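Below are the chains, spelled out letter by letter.
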Amino acid sequence: MRQLFEHLREELIGFLAQRDHVLLEVACRDEDAPLVFKLLGDLDSAQASDLFMLCLDDFTTPAEYVGRVLAAVRVQLATVAEDLAAQGRPPLAALPPTLEDSQTAPAQRLIGLIEHVRGWLPAEGGHRVIWGLFPCQVADRPKYLGFLAELMREGGTPSWMRATRLVVRAPRDAATPLPGPRSRRIIADFSPEALQAA
């Protein structure tokens, strides 16, 4: 397993270091999703210059999933607020109420969240926000893949992707990669067969 884990780690580090792609689609089984998520958490600890926003919550519907991502961001925001207060520094900008608007398409709400969180970065220093959207369970695969495809529907590099990298989970058996010239796909496989072959 160590060899497979190190290979995946190198793939993720390589993605974060390059500039050609803004989204990395990691295709894996449900059982392997927590391992990939743990590796993202390890990279978070090792890369102080980037802000990692990670969510392992299950996907049921696009609206419910975006709500869970918002909840995860609020938890992280509360932790950061305590640290900033202890240092006598001003708080980060609170999440705008518009992100809760159920009349707005879930993908647009997530884009709004990504844009808002990017505003937390220092103006100088080449900092980025790394989003890890990695649901362990995907209850409705067509809706999940459609939700991700909607994020990538705009051609080229949308302005909301500036200073942003997305690492998203795809079901292992997804037939086709996500659309868009700025995305790429890798496979994370820790199945017994893969372990035996390594």
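All values reported here derive from a predicted model rather than from experimental measurement.

Ranked by internal contacts, the top residues of the largest apolar core, which has 35 residues, are Val-69, Val-73, Leu-110, Leu-113, Trp-131 and Leu-133. The contact partners of Leu-113, leaving out residues within four places of it in the chain, are Val-69, Leu-70, Val-73, Leu-95, Leu-99 and Trp-131. Within the second largest apolar cluster, 23 residues are counted, among which are Phe-5, Leu-12, Phe-52 and Ile-186.

Because the α-helix completes a turn every 3.6 residues, residues three or four places apart line up on one side. Between the first and last C-alpha of helix 1 (residues 2-17) there are 22 Å, a value that for 16 residues agrees with the 22 Å anticipated at 1.5 Å per step. Turning to helix 1, the residues buried within the fold contact strand 1 (23-28), helix 2 (33-46), strand 2 (51-55), strand 3 (129-133), strand 4 (164-171) and strand 5 (183-187).

Here we have 5 strands laid out as an open sheet, ordered 2-3-4-1-5, and parallel in their pairing. Looking along the sheet, the strands with just one partner apiece sit at the ends: strand 2 and strand 5. Across this sheet, the average inter-strand angle for adjacent strands is 15°, counted without regard to direction. Both strand 1 and strand 4 contribute to a ladder of 6 bridges, which runs parallel. Within the sheet, the bridge partner assigned to Leu-23 lies in strand 4 and is Leu-166. Across the face of the sheet, helix 2 comes into contact with strand 1, strand 2, strand 3 and strand 4 while running at roughly 160° to strand 2. Packed onto the sheet, helix 5 (residues 141-151) meets strand 3 and strand 4 and runs at close to 160° relative to strand 4.

Moving on to the packing of aromatic side chains. Within the structure shown, the criterion is met by 5 aromatic pairs. Taking 5.6 Å as the distance between ring centres and 55° as the angle between the ring planes, the aromatic pair formed by Phe-59 and Tyr-65 counts as tilted. Neither residue differs from the other here; Phe-59 and Tyr-65 are each classed as buried. Ring geometry for Phe-59 against Phe-147: centres 6.2 Å apart, planes inclined by 35°, an arrangement best described as tilted. Note that Phe-59 is positioned in the loop between strand 2 and helix 3 (62-86) and Phe-147 in helix 5, a separation of 88 residues in sequence.

What counts and what doesn't
Residues numbered from 1 in each chain as written. Predicted model: local features only at pLDDT ≥ 70, side-chain atom pairs only at ≥ 80, totals over all residues. Heavy atoms only, no water. Core = buried A, V, L, I, M, F, W, Y, C linked by side-chain atoms within 4.5 Å. Buried < 20%, exposed > 50% of the residue type's maximum accessible area, 1.4 Å probe, protein only. Contact = heavy atoms within 4.5 Å. Helix = DSSP H or I, 4+ residues; strand = E, 2+ residues; numbered from the N terminus. Expected span 1.5 Å × (residues − 1). Pairing = 2+ DSSP bridges. Axes fitted to C-alpha atoms, helices over the stretch in contact; angles between N-to-C directions. Phe/Tyr/Trp six-rings, centres within 6.5 Å; stacked < 30°, edge-to-face > 60°.

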